Amino acid sequence: MSEHNPDLDGPPDGPDEDVEVKPVVAVVGRPNVGKSSLVNRIIGRREAVVEDVPGVTRDRVAYDAAWQSREFTLVDTGGWETGVSGLAEMVAHQAEYAARAADAVLFVVDATVGSTEADEAVARVLRRAGKPVVLAANKVDGELQEPDALALWNLGMGEPFPVSALHGRGTGDMLDAVTGALPEGPPEREEEPEDAPRRIALVGRPNVGKSSLLNRIAGEDRVVVDAKAGTTRDSVDEVVELGGRPWTFVDTAGIRRRFRALQGADYYATVRTTTALERSEVAVVLMDVSEPLAEQDIRVVEQVVEAGRALVLAFNKWDTLDEERRYYLEKEIDRQLSRVSWAPRVNISARTGRHTERLVPALETSLAGWDTRIPTGRLNSWLKELVAATPPPVRGGKQPKILFATQAGARPPHFVLFTTGFLEDNYRRFIERRLREEFGFDGSPIKLTMRIRE
Ligand code: GDP
């Protein structure tokens with residue numbers, strides 16, 4: 001569809017430094033100091049124990065973690081390939097990426113061995129990077145090893161925290177120091193009360209049958225509720241029972257009134273769509289199959305994607321369809337709506353009532369996609385395999401690395417890729433496609449942005 005409706009791609013999801021993500025803690029250190037054990041100790045049962053998909057490797061890079069209700073993303077840099085040889089070089093490289101991408105660094109050293117050449121290389125990198133560093137002196141399993149930890153003052157990274165990843169000893173004090181070094185995270189998201197009816201915007205250009213459909217499914221039993229006090233009288237919502245549960249259709253006054261006789265009805269329709277979308281969670285875009293799909297239909301779909309709302313495509317006036325028109329309709333859909341091929345489609349007739357009950361499962365599918373949150377561990381084990389199989393294309397002689405990713409939010413799902421360079425549009429679209437293949441998100445737009453640490 002891109003050649004016909006490039007706009008439907010929405011604004012390019014490029015670098016985005018503004019989106020709020022949880023603070024990132026990177027765990028660095030040479031192999032065998034106990035990084036993975038410490039990571040497992042920190043995330044506890046949150047993600048480690050869960051076997052997501054049998055057969056999928058559990059070689060992960062990043063995890064959801066929390067300490068004393070401070071949430072953060074924990075990154076195990078031991079899983080990063082740096083492409084350099086030599087232990088000290090490799091570990092120093094990992095530390096360098098880590099320090100750039102993270103808000104704080106947890107530097108793990110084996111206290112029973114003491115500082116080695118590789119540890120000192122890491123320390124040099126971290127001192128230059130200027131990010132807060134917490135030094136974990138691991139394998140201090142008892143009081144006897146405490147003096148070993150003190151010897152690590154010589155790394156010049158401040159106070160060593162004696163810990164035992166194996167037994168959990170000392171990890172509380174260490175985590176206090178880690179979370180103390182973190183910036184404020186994003187504010188807790190306000191979740192809707194569980195039982196609130198979900199909000200639907202019924203949109204589409206004039207005459208596609210919006211008011212007919214509303215009358216058909218809401219009938220006269222509808223409950224009219226005024227929107228929040230202070231909003232205009234136009235924004236009236238109706239609570240309608242469908243499939244055994246209540247749904248809120250937002251701003252139905254604009255549908256029920258007869259506007260199309262008025263001049264500027266198209267303009268009004270666009271404005272109404274905008275306000276209805278703002279107040280909704282999912283949009284049903286109604287189209288009229290008795291006529292060719294119009295530019296205005298596509299524009300409404302675009303508006304929904306840009307507003308980041310869940311989407312259901314409803315093809316109305318199906319009762320008018322004959323063989324020939326149906327043939328052309330399929331072609332129009334293929335050509336003009338392929339960019340939203342992830343959206344559920346229902347073919348209905350507001351006049352006869354045909355298949356209108358199918359709206360409910362379609363709405364539920366789209367909202368489920370819209371609500372989806374992927375655990376960071378699962379996301380990153382998947383991403384690691386994807387990137388290993390198909391690395392980002394070289395750009396300006398350099399191969400951008402994808403270090404890890406987090407889901408910054410849901411509704412709609414928004415992913416942030418932490419990278420060492422710009423990822424081409426094509427590659428980002430490839431990732432989006434594969435994300436959909438792996439995790440679904442049917443009926444929901446998804447956002448993909450980059451955080452570049454060159
Ligand atoms: P709105 O502007 O989107 O609210 O459209 P209306 O509901 O006012 O419908 C526009 C016209 O299409 C009216 O003449 C309706 O009777 C007709 N219409 C609506 N739905 C259907 C349908 O499913 N089949 C047929 N044949 N006509 C329909």
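Residues numbered from 1 in each chain as written. Predicted model: local features only at pLDDT ≥ 70, side-chain atom pairs only at ≥ 80, totals over all residues.

Draft legend 1. Summary view of the overall build of the chain. Check the secondary structure of the chain and you find 13 helices and 16 strands. The buried share of the chain, reckoned over its 454 residues, is 43%. (Helix = DSSP H or I, 4+ residues; strand = E, 2+ residues; numbered from the N terminus. Buried ≥ 20, exposed ≤ 12 C-beta atoms within 10 Å, placed from the backbone.)

Draft legend 2. Just the site of the ligand, in detail. Near the ligand you find 17 residues, and of these G209, K210, S211, S212 and R351 are the closest. Looking at the shell around the ligand, the element that brings in the most residues is helix α6 (residues 210-218), giving three residues. For the shell around the ligand, the per-class residue count stands at four nonpolar, eight polar and five charged. (Near = placed C-beta within 6 Å. Nonpolar A, V, L, I, M, F, W, Y, C, P; charged D, E, K, R; others polar.)

Draft legend 3. Region of interest: the nonpolar core. Counting 74 residues, the largest nonpolar core has L74, V75, V105, F107, V122, L135 and A136 as its most contacted members. Ranked by residue count, the leading element in this core is helix α2 (residues 87-101), at seven residues. The contacts of L135, once residues within four sequence positions are left out, are F107, V109, L152, L155, M157, G158, P160 and F161. With 48 residues, the next largest nonpolar core counts F249, V285, A350 and L367 among its residues. (Core = buried A, V, L, I, M, F, W, Y, C linked by C-beta atoms within 7 Å. Contact = placed C-beta atoms within 7 Å.)

Draft legend 4. Inspection of the sheet that holds strand β2 (residues 62-67) at higher detail. Ordered by their spatial adjacency, six strands build an open sheet running β2-β3-β1-β4-β5-β6, and the pairing between neighbours is mixed. Every other strand in the sheet has two partners, leaving β2 and β6 (160-162) as the edge strands with one partner each. Ignoring strand direction, the axes of neighbouring strands in this sheet form an average angle of 30 degrees. Where strand β1 (residues 24-28) and strand β4 (residues 104-110) come together, four bridges link them in parallel fashion. (Pairing = 2+ DSSP bridges. Axes fitted to C-alpha atoms, helices over the stretch in contact; angles between N-to-C directions.)

Draft legend 5. How the structure looks around the sheet that holds strand β15 (residues 414-419). In spatial order, the strands read β14-β15-β16; together these three strands make up an open sheet with mixed pairing. Either end of the sheet is taken by a strand with one partner, and the two such strands are β14 (402-409) and β16 (447-452). Direction aside, neighbouring strands of the sheet carry axes that sit 25 degrees apart on average. Of the pairings in the sheet, the one linking β14 to β15 comprises six bridges and is antiparallel in character. Each residue of the ladder has a partner; that of F404, found in β15, is F418.

Draft legend 6. Expanded view of helix α1 (residues 35-43). Within α1 the residues assigned to the buried category are K35, L38, V39, R41, I42 and I43. Looking at the buried positions of α1, the neighbouring elements they touch are β1, β2, β3 (70-76), β4, β5 (133-138) and α5 (171-180). Looking one or two residues past α1, G44 carries a phi angle of roughly 55 degrees, positive in sign.

Draft legend 7. Here's a closer look at the packing of α2 against helix α3 (residues 117-129). Their axes nearest at 8 Å, the elements α2 and α3 cross at an angle of 25 degrees. One way to sum up the angle between α2 and α3 is to call them roughly parallel. For the element pair α2 and α3, the recorded crossing hand is right-handed. Mapping the contact onto sequence places L87, A88, V91, A92, A95, E96, A99 and R100 in α2 and E117, A118, A121, V122, V125, L126 and A129 in α3. The residue makeup of the contact of α2 with α3, split by class, is twelve nonpolar, no polar and three charged. (Parallel < 35°, antiparallel > 145°, perpendicular 65-115°, else oblique. Left-handed = near helix turned anticlockwise from the far one by under 90°.)

Draft legend 8. A look at the environment of A118. Along the chain, the position of A118 falls in helix α3. Owing to 21 C-beta atoms within 10 Å, A118 belongs among the buried residues under this scheme. Taking the C-alpha atoms as reference points, A118 and G86, 32 residues apart in sequence, are found 9.6 Å from one another. When sequence neighbours within four positions are dropped, the list of residues in contact with A118 reads R30, L87, A88 and V91.

Draft legend 9. Representation of the pairing of strand β12 (residues 310-316) in the model. Along β12, seven of the seven residues are buried, which leaves the element largely enclosed by surrounding structure. Of the two faces of β12, both are covered, the one formed by A310, V312, A314 and N316 as well as the one formed by L311, L313 and F315. One crossover worth recording links strand β11 (residues 282-288) to the parallel β12 by way of helix α9 (residues 295-307), and it is right-handed. Where the polypeptide runs from β12 across helix α10 (residues 323-336) and back to strand β13 (residues 345-347), its parallel neighbour, the crossover connection is right-handed. (Right-handed = clockwise from strand over helix to strand, strands pointing away.)

Draft legend 10. Looking closely at unusual backbone geometry. Cis geometry marks the peptide bond from R411 to P412; its omega dihedral reads 0 degrees. Relative to the assigned elements, P412 resides in the loop between β14 and β15. Residue S69 is not a glycine yet carries a positive backbone phi of 65 degrees. Here S69 lies in the loop between β2 and β3. Phi is positive for F441, close to 65 degrees, though the residue is something other than glycine. Tracing the chain through its elements places F441 in the loop between α13 (425-439) and β16. Judged by the 24 C-beta atoms lying within 10 Å of it, F441 is buried.

Draft legend 11. How the structure looks around the confidence of the model for the chain. Looking at the chain as a whole, the pLDDT averages 86, with 84% of positions reaching at least 70. Across residues 48-58 the pLDDT falls below 50, and counting only partners more than four positions away or on other chains, this stretch makes seven contacts in the model. When the criterion is pLDDT under 50, residues 227-234 qualifies, and its contacts beyond four places in sequence or with other chains add up to six contacts. Here the predicted complex scores 0.84 on pTM and 0.91 on ipTM. (pLDDT = per-residue confidence, 0-100.)

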